[in-house]
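Coordinate analysis (summary)
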Amino acid sequence: MNSKELAQIPLFREIPLQEIEKIFEKLSVKECTFKKGEILALQDEPVNRLILLVKGSIKGEMTDALGKVVKVEDVFAPSPLAILFLFGENNRFPVQVTAREEVRALVIPKA
């Protein structure tokens, strides 16, 4: 993934390309591909990583106490997932995140 692609993600839009490159040189980043229907994160799983969606789209679904599945949202690349939950205490993914199509994502450990 190049810095021009990263600059399209809302989180990085205001950061100069050289700064983005410096940031990503220091991080442990894993590029992952998910097929349609594959799960990126489970509902109630600890948010211990930042997932940056760079290609494709996902759906967020929540299962209620009775086992009924409710679609909460669709998210399209480029976009970070669950970013507000990353640095809170004991935060968990509020929904199950499933690929709606082939997805390419960057995964950065919280540490």
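For the structure, see preceding data.
The notes below deal with the structure included here. (Residues numbered from 1 in each chain as written. Predicted model: local features only at pLDDT ≥ 70, side-chain atom pairs only at ≥ 80, totals over all residues. Heavy atoms only, no water.)

**Some thoughts on the overall build of the chain**
A count of helical and extended segments in the chain gives two helices and eight strands. Ordered by position from N to C terminus, the α and β elements of the chain give α-α-β-β-β-β-β-β-β-β. At 14 Å, the chain has a C-alpha radius of gyration in line with the 13 Å of a compact globule built from 111 residues. For the C-alpha atoms alone, the extent of the chain along its principal axes is close to 50 × 30 × 20 Å. Here the chain holds 111 residues, and 35% of them are scored as buried. The long-range share in the chain, meaning contacts at least 24 apart out of those at least 6 apart in sequence, stands at 73%. Accessible area of the chain: about 7100 Å², with a carbon and sulfur share of 52%. (Helix = DSSP H or I, 4+ residues; strand = E, 2+ residues; numbered from the N terminus. Rg over C-alpha atoms; globule rule 2.2 N^0.38 Å. Buried < 20%, exposed > 50% of the residue type's maximum accessible area, 1.4 Å probe, protein only. Contact = heavy atoms within 4.5 Å. Areas by Shrake-Rupley, 256 points an atom, 1.4 Å probe, with all protein chains shown as cover.)

**Description of the layout of surface pockets**
Reported here for the largest pocket is a volume of approximately 190 Å³. Taken together, 14 residues make up the lining of the largest pocket; nearest its centre are Glu-73, Ala-82, Pro-94, Val-95 and Val-97. For the lining of the largest pocket, the elements supplying multiple residues, two or more each, are strand 4 (57-63), strand 5 (69-76) and strand 6 (79-81). When the residues that make up the lining of the largest pocket are grouped by side-chain class, the tally is 12 nonpolar, one polar and one charged. If you go around the second largest pocket, the residues you meet are Leu-27, Ser-28, Leu-50, Ile-83, Leu-86, Phe-87, Ile-108, Pro-109, Lys-110 and Ala-111. (1 Å grid on protein atoms, 1.4 Å probe; cavity = no way out; pocket = protein on both sides within 12 Å on 5 of 7 lines; lining within 4 Å. Points joined across faces, edges and corners; volume = space filled by probe spheres on them. Nonpolar A, V, L, I, M, F, W, Y, C, P; charged D, E, K, R; others polar.)

**Considerations on the sheet that holds strand 5**
Strands in a sheet are paired, the pairing made by backbone hydrogen bonds, and the direction either parallel or antiparallel. The sheet built from four strands is open, its strands ordered 2-7-4-5 with antiparallel pairing. With one partner strand each, in any of the chains shown, strand 2 (39-41) and strand 5 form the two edges of the open sheet. In this sheet, neighbouring strand axes are inclined to one another by 30° on average, regardless of whether the strands run parallel or antiparallel. Sheet topology places strand 4 next to strand 7 (residues 96-99); four bridges connect them, and they run antiparallel. Looking at strand 7, one finds that Ile-58 is bridged to Ala-99. (Pairing = 2+ DSSP bridges. Axes fitted to C-alpha atoms, helices over the stretch in contact; angles between N-to-C directions.)

**Describing the nonpolar core**
Counting 29 residues, the largest nonpolar core has Phe-24, Leu-40, Leu-52, Ile-58 and Val-103 as the members making the most contacts within it. For this core, the elements supplying multiple residues, two or more each, are helix 2 (17-26), strand 1 (30-34), strand 2, strand 3 (49-55), strand 7 and strand 8 (103-109). For Leu-40, the contacting residues outside a window of four places in its chain are Phe-34, Arg-49, Ile-51, Ile-58, Leu-81, Val-97, Thr-98, Ala-99 and Val-103. (Core = buried A, V, L, I, M, F, W, Y, C linked by side-chain atoms within 4.5 Å.)

**Some points on the sheet that holds strand 8**
With antiparallel pairing, the four strands of this open sheet are ordered in space as 1-8-3-6. Either end of the sheet is taken by a strand with one partner, and the two such strands are strand 1 and strand 6. Taking each pair of neighbouring strands and ignoring which way they run, the sheet shows an average axis angle of 30°.

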